[in-house]
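# Chain and residue survey
Each chain, letter by letter, is given below.
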Amino acid sequence: MSFTGKTAVVTGGSRGLGRAICRRLAEGGANVVFSYAGNTAAAQETLDELRALDCKALAVQGNVADTDAVKALMDAAMKEFGRIDILVNNAGITRDGLLMMTKEEDFDAVIDTNLKGTFLCMKAVSRVMLRQKYGRIVNLSSVVGVHGNAGQVNYAASKAGVIGMTKSLAKELAAKGVTVNAVAPGFITTDMTAALPESAKTALLATIPQARLGAPEDVACAVAFLASDEAAYITGQVLGVDGGMGM
Ligand code: NDP
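Residues numbered from 1 in each chain as written. Predicted model: local features only at pLDDT ≥ 70, side-chain atom pairs only at ≥ 80, totals over all residues. Heavy atoms only, no water.

With that settled, consider the overall build of the protein chain. Regarding its fold elements, the protein chain presents nine helices and seven strands. Against the globule reference of 18 Å for 247 residues, the protein chain gives a C-alpha radius of gyration of 17 Å, in line with a compact fold. Going through the 247 residues of the protein chain one by one, you find that 50% of them count as buried. Here the analysis covers contacts within the protein chain between residues at least 6 apart in sequence; of these, 75% occur between residues at least 24 apart. Approximately 11,500 Å² of the protein chain is accessible, and the part contributed by carbon and sulfur atoms is 55%. Seen as two clouds, the 24 positive and the 24 negative side-chain charges of the protein chain have centres 7 Å apart. (Helix = DSSP H or I, 4+ residues; strand = E, 2+ residues; numbered from the N terminus. Rg over C-alpha atoms; globule rule 2.2 N^0.38 Å. Buried < 20%, exposed > 50% of the residue type's maximum accessible area, 1.4 Å probe, protein only. Contact = heavy atoms within 4.5 Å. Areas by Shrake-Rupley, 256 points an atom, 1.4 Å probe, with all protein chains shown as cover. Lys, Arg positive; Asp, Glu negative; His and termini not counted. Charge placed at Lys NZ, Arg CZ, Asp CG, Glu CD.)

See below:
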């Protein structure tokens, strides 16, 4: 898969899946603009990795749930590269807890970042992609958005919402050269899952037919495929990357 001459915007590229996705797209030749919430040291590490691959890369700090910050992110990409071919909505957070213990602000924070952030970024690039008559949007959902998970009512709602938005926008843009798909990762080793208690990790592992956790690169390859020219006839789909967990 070649991304030579293409520009990708990846939200939450400073760590975890976002960093692996940036790297995979850069390896294919893309220019990469990524955002992050506030971890400047991690963002610098991603930048260094990308530049070591001869990638033209840019890091932009900003909250995906903030309209002005999203505009600044897309403006930076347009100013530097003149187009946005690929958008990967990866930035996401968890605030886990059983429903009865979940505070309203924890519900709002997760919906704001994961769902509204994806909405704002898709809205901001849609006009650009329509003008280009070309675009690839890939959204990070989750196996939890498809099947639910005790202790993640807020997160499951946000990731199920991402699937609904993916399918709806795919229908709106299908005839315009723009595809919109989602990946639904299972249990992947990143900072997000490192925070889980050992007992929860052991229980989760038992539900994975491949009997191993996923690596960020497993997800990055699936995202890169959906972002490629080769995936031109695929839109509105949700691709599970979960070692069989969601079967
Ligand atoms: P990490 O916690 O490792 O990284 C999250 C990234 O998102 C960081 O770059 C962080 O920036 C950024 N971010 C968080 N909030 C915001 C915000 N408001 N605005 C901009 N950037 C933000 O997460 P993962 O890599 O594990 O997850 C990435 C995506 O994949 C998420 O959407 C997650 O829900 C999804 N996913 C992950 C799974 C897993 O097992 N890991 C499974 C299924 C889905 P900073 O570094 O500055 O904090």
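Non-glycine residue K133 carries a positive phi angle of around 55°. Within the secondary structure, K133 sits in the loop between α4 (104-132) and β5 (135-140). Look at K133 and you get exposed, because its relative accessible area is 64%. Within the chain, A211 stands out as a residue other than glycine whose phi angle is a positive 55°. Along the chain, A211 turns up in the loop between α8 (198-205) and α9 (216-226).

Bringing the side chain of T7 into the picture now. Note that T7 resides in strand β1 (residues 7-10). In this structure the side chain of T7 is engaged in a polar contact, spanning 3.3 Å, whose partner is the side chain of N31. Not counting chain neighbours up to four residues away, the residues in contact with T7 comprise N31, F81, R83, I84, D85 and I86. (Polar contact = N/O pair within 3.5 Å; in protein donor to acceptor, adjacent residues only side chain to side chain.)

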